[in-house]
Amino acid sequence: MPALPQEPAERIDGGDLSCARLLILLRDRVAGLPADSVVHLSTTDPVAPIDLPAWCRITGHEYLGLADAGPPPVYGVRVSEAPVATRPDRPWHPVG
């Protein structure tokens with residue numbers, strides 16, 4: 001995996017949001033960022049290390065892994081140039 005830059009373009013505090021709400025927050029925040037921007041997402045969601053890589057595979061973003069063990073843990077995501085759109089209410093289901 002590529003090294004994470006010292007300063008991400010965006011920091012998102014996911015708090016204790018559940019999977020779906022966390023991914024909707026992430027999807028909405030990365031939508032306005034340029035390609036190759038790095039986002040750091042902090043969350044206490046215990047399934048984030050499973051959900052984030054899966055969501056990245058679905059959408060085309062790049063999962064960069066654990067950026068900081070925390071607490072809370074912080075995960076890195078690199079924004080894709082051409083992400084796959086997902087359903088508004090189901091961020092793990094591609095549109096169409």
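Residues numbered from 1 in each chain as written. Predicted model: local features only at pLDDT ≥ 70, side-chain atom pairs only at ≥ 80, totals over all residues. Heavy atoms only, no water.

Undergrad: Talk me through the overall build of the protein chain; I want residue IDs and the actual numbers.
TA: Helix and strand counts for the protein chain come out as two helices and six strands. When the elements of the protein chain are put in sequence order from the N terminus, they spell out β-α-β-α-β-β-β-β. Relative to the compact-globule value of 12 Å for 96 residues, the protein chain shows a C-alpha radius of gyration of 12 Å, a close match. Principal axes of the C-alpha set define a box for the protein chain whose edges measure 35 × 25 × 20 Å. A total of 96 residues make up the protein chain; the buried ones form 41% of that total. Once local pairs closer than 6 in sequence are excluded, the contacts in the protein chain between residues at least 24 apart make up 63%. Only carbon and sulfur atoms are counted for the fraction: they give 55% of the accessible area of the protein chain, which is about 5,300 Å². Positive and negative side-chain charges of the protein chain, numbering 8 and 12 respectively, have mean locations separated by a distance of 6 Å. (Helix = DSSP H or I, 4+ residues; strand = E, 2+ residues; numbered from the N terminus. Rg over C-alpha atoms; globule rule 2.2 N^0.38 Å. Buried < 20%, exposed > 50% of the residue type's maximum accessible area, 1.4 Å probe, protein only. Contact = heavy atoms within 4.5 Å. Areas by Shrake-Rupley, 256 points an atom, 1.4 Å probe, with all protein chains shown as cover. Lys, Arg positive; Asp, Glu negative; His and termini not counted. Charge placed at Lys NZ, Arg CZ, Asp CG, Glu CD.)

Undergrad: Tell me about the nonpolar core, and please be specific about residues and values.
TA: Within the largest apolar cluster, 17 residues are counted, with the highest numbers of intra-cluster contacts made by L26, V30, V39, L41, L52 and W55. Elements that contribute at least two residues to this core include exactly α1 (19–30), β2 (38–42), α2 (48–59) and β4 (74–78). In contact with L41, not counting residues within four places along its chain, are I12, G14, L22, L26, L52, P73, V74 and Y75. (Core = buried A, V, L, I, M, F, W, Y, C linked by side-chain atoms within 4.5 Å.)

Undergrad: Provide a residue-level description of unusual backbone geometry, including the pertinent values.
TA: The step from G70 to P71 runs through a cis peptide bond, and the omega angle for that step is 20 degrees. The omega angle of the peptide bond from P71 to P72 is -10 degrees, so this bond is cis rather than trans. Its place among the elements puts P72 in the loop between β3 (62–68) and β4. Even without being a glycine, D36 presents a positive backbone phi close to 75 degrees. Tracing the backbone shows D36 in the loop between α1 and β2.

Undergrad: Break down α1 for me, with residues and values.
TA: Between the first and last C-alpha of α1 there are 16 Å, a value that for 12 residues agrees with the 16 Å anticipated at 1.5 Å per step. Turning to α1, its buried residues number three or more, namely L22, L23, L26, R27 and V30. Down the axis of α1, the smallest arc covering the buried residues is 130 degrees, so these residues share one side. Where the residues of α1 are buried, they touch β1 (10–13), β2, α2, β4, β5 (86–87) and β6 (90–94). (Expected span 1.5 Å × (residues − 1). Arc of directions from axis to C-beta.)

Undergrad: Could you give an account of the pairing of β2, with specific residues and numbers?
TA: As a general feature of sheets, a regular strand has side chains that alternate between the two faces. Within β2, five of the five residues are buried, which leaves the element mostly enclosed by the surrounding structure. Of the two faces of β2, the one carrying V38, H40 and S42 and the one carrying V39 and L41 are both buried. Pairing geometry for β1 and β2, over four bridges, is parallel. Residue pairing across strands places R11 opposite H40, the latter belonging to β2. (Pairing = 2+ DSSP bridges.)

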